[in-house]
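# Fold and contact review
For reference, the chains in residue letters:
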Amino acid sequence: MFIIKLLSNFFKLFTKDNNPTQVGLGFAMGFLISFQPFTLLSVIFFFIFWIIKVNKTAGFISLFIFKFVAFITEPLIVPIGSLLLEGIPALEPFWTSLRSAPIIPYTKFYNTSVMGGLVVGIVGFIPVTLIFRKLYIIYKEKYREKIAKSKFIKIFKGLPIVNLFFKINKTIN
Amino acid sequence: MRIINLIIISVVTIAAITFNVIFASPIAKNLIEKYASAAVGARVEMRELKVDIFALSVVGKDLQVTNPGNTMKNLFEVARFAFKLDLLAALEKKILIEEASIENVRIGTARKYDGKIKIDPKKKKITINNPISNLSDYKFDFKNENIFNTDINEMIKSLDVEKYIKGDLKTISEINKLKTQGTELSQKWYKTITETRYDKDAIQFAEEIKKINFNYTPDVSSIAKIQSDIQTILKVKEKTEAIIKDIDSKKNEFIADYNAMETSVRELEKVTREELNEILGKMNLKEISFDDIGSLIFADGFMNNVDKITSSFYKIRSFVPNNRGKVKKVKTKEKKVKKKFVFGQRGYDVFFPDYTTYPDYHIKKISVSASGEGSDIKNFPTVSGSIYDIVSNQDLIQKPLRIETKVILPILEDLSLSLNASFDRRDGKFLDFYNVAADNIPIKNLNFGGLYGAPKKLLDSDGKIDGIVEVGNDVFKTKFDMNLNNIDFEFDETQTLNEFSQILKEIFQSVKHLNMGVDFSVLNGKPSLHISSNLDKILYENINRIFMQKLLKFKTDFEKRFNSYISGPKKELLSQISADKLKNLSFLNDKNKIVIEQFKFSETKLKEAQTKLESIKKQIEENTKNKLIDETTKRLKKIF
């Protein structure tokens, strides 16, 4: 049911009118989460992503895409985390106090990959939001109609399995 | 959809609350009872157990742990126990208890029903590691150390007690010598005084002088008498002077004898002092060192039990948790090794040396109380106290495990004893400290045997104990000070005591305050024991005092006896001599004066008589001449 709902939303993202900012934020949240290994921090980010009003489909698409990006760019992310955790002695007491604090160590902030990913995620959050908002507006204005009327989509819509999917989705709703 | 979510959340919440309120406590109670019973091998049960999953608190009432050896009795019973876990620490899978309480622990209470359980033979018996099996390998063996002179026979031999008991002492022989000397002297002078009668001579002389008649007639015949009287007077005078000279010589002889006697007494005093010092020296009391006597009395008992005493402290160590979990590391200046990045590996953890975390478990305080209520054990002590900081790793909290207890002992008239202990495992120290203090310990009716003048019983005394024990891997130190005040001994008054035993009795009689310190340590396997006490001072002072008293008494007795023999008659003699001398002298002087006057008078008369005689002679001669001339003239005329 969740998959049907997800696919339905996926189609909705590309066919219906969505708030571009929410789409942009969804992508940004996906971007933020994807640069985090599975830790308490990623759980918290996911929870925030789940409760705030953003485009969840955009978020999942972003998560899917940026997970690959994060995996490939790992050699660049780790030095950033290492720099922050080890390269600045002035920050060491702060990290020590965080390490000694309750619960916070579950975020594994002391891991270079987590810290690097967090920095990349926070730094890239607003640019990613703005870029994907803009891209979605461009898509909505220029390409959505064309794609909807394209032969590929017509063939796709005519497929029996797709028809079945839409029927089930209609029943659920 | 939202309603469904709400319903789901509500159902889950209600289920959780219901579980917490209704099921959690009985389930926990059953599980604890089941596993604890299996572990103990007899029934473990509680009347009530309240578990609050949300508050993370546990409160149990009337916990009974059956004695597996006697299932109609409990090993112990706890009226109430309670603790609360810290939520944040629990989130880190750590146990943090701010305060726990175990109230009214009673040992050996009777059960209302049998606490036996059926043990399934198929099931593997749960074995609990006996912490006693993890004893330290630390072993004490002092038998070959030969550091303590604990051979009582050797000690007695060196002290030559037999010799003193027999009275074979220089002092005694010197006293006997003095006694003989004194007797001889007194006899000699008694005899001399008895035999000497100057007064008889004086009376005789006086009589002789009295016989002299100084009324001389002025004639020639008196001359011879006067000369004879003068001779008599001179003779008496000479004799009197001889007596006086004799008295003086006897007096000088007596003074010389008396001085010799005094020298002998002084010599005795010297010998006694020397011998006393020799005895005290042998007893090692001269330097006021209690080592030998302390070792003699206490070391044997102490050393025989030292293994037991020390090993019990090392047994306790096995109950104290050793450090485990994350240990705070000391900062080093070593350069951090750069981690080599491996593709696909998600970074690496950076280590912060100074970070601290919750220990695996930390019970900040446990209040414990125990009493003898319902216990079969007679005079069960009442214990109340607290245990602080039971922790998996003391380095994380920088505090040692501490125990503070107050114990009231009914067996000793409700004596209050404070016992504090600390177990330090920080920075690999592994040091335990114990501190015991008690005041007003009633020490009564202790048997002493009553032999050789020793007391039969210690009737009463107030005791005070203060001691510390330090137990480490390579060190064991204990220092105990014990003070006894208001000591009251009971002696066997019917016992016949020789002089030595009498001295011993007097010493014990003078003991009113006694303190003793035991300082025992083992450092790197080398043991040392020092026992100090004021007993050495008491012995020294008392032996000294008693010997001096005895000497003084002897001296006084001797002087008294000597004086009664000598001094009385001496005085009498001297006064008699003096009186006689004076009397005789004055008499002689008086008589001498009269004699001299009479002599002078006689001389004058004699001169007068002589003059008269001369004139008569001349007259006679002239008359005779004239007569002769006349006669001759007449005859011549006649003739012629």
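Note that the structure is a prediction, hence the values are computed from the model and not measured. (Residues numbered from 1 in each chain as written. Chains lettered and ligands numbered in written order. Predicted model: local features only at pLDDT ≥ 70, side-chain atom pairs only at ≥ 80, totals over all residues. Heavy atoms only, no water.)

Our focus in this paragraph is the overall build of chain A. Within chain A, the regular secondary structure consists of 9 helices and 0 strands. The order of α-helices and β-strands along chain A, N terminus first, is α-α-α-α-α-α-α-α-α. Expressed as a percentage of the 173 residues in chain A, the buried residues total 39%. Taking the contacts inside chain A whose residues are at least 6 apart along the sequence as the reference set, 79% of them involve residues at least 24 apart. By element, 76% of the accessible surface of chain A is carried by carbon and sulfur atoms, the whole surface being about 10100 Å². (Helix = DSSP H or I, 4+ residues; strand = E, 2+ residues; numbered from the N terminus. Buried < 20%, exposed > 50% of the residue type's maximum accessible area, 1.4 Å probe, protein only. Contact = heavy atoms within 4.5 Å. Areas by Shrake-Rupley, 256 points an atom, 1.4 Å probe, with all protein chains shown as cover.)

It is worth spelling out unusual backbone geometry at this point. Positive phi outside glycine occurs at A:Lys108, with the angle close to 55°. Here A:Lys108 shows up in the loop between α6 (92–100) and α7 (112–148). For A:Lys108, a relative accessible area of 32% translates into the label partly exposed. The backbone phi angle of B:Leu56 is positive, close to 55°, even though this residue is not glycine. Mapped onto the elements, B:Leu56 comes out in the loop between β1 (44–52) and β2 (57–67).

As a further point, take the side chain of B:Thr405. Residue and element names in this part refer to chain B. With respect to the helices, strands and loops of the structure, Thr405 is situated in strand β8 (residues 401–409). Residue classification places Thr405 among the buried residues on the basis of a relative accessible area of 15%. There is a polar contact of 2.8 Å between the side chain of Thr405 and the backbone oxygen of Leu419. For Thr405, the residues in contact, after removing those within four places along its chain, are Val383, Ser384, Gly385, Leu417, Ser418, Leu419 and Asn420. (Polar contact = N/O pair within 3.5 Å; in protein donor to acceptor, adjacent residues only side chain to side chain.)

A word on the interface of chain B and chain A. Put simply, an interface is often sized by how much accessible area is lost when its parts join up. If you look at the interface, chain B gives 22 residues, while chain A gives 26 residues. Here chain B meets chain A over a buried area of about 2100 Å², counting both sides, of which 59% is carbon and sulfur. On inspection of chain B and its partner chain A, the count reaches 1 salt bridge. The salt bridge partner of B:Asp349 is A:Lys108, with a shortest N-O separation of 4.0 Å. Inspection of the region where chain B meets chain A yields 5 residue pairs in polar contact (both at pLDDT 80 or more). Partitioned by chemical class, the residues of the side of chain B that touches chain A number 10 nonpolar, 4 polar and 8 charged. (Buried area = accessible area lost by both parts, 1.4 Å probe. Salt bridge = Lys/Arg side-chain N within 4 Å of Asp/Glu carboxyl O. Nonpolar A, V, L, I, M, F, W, Y, C, P; charged D, E, K, R; others polar.)

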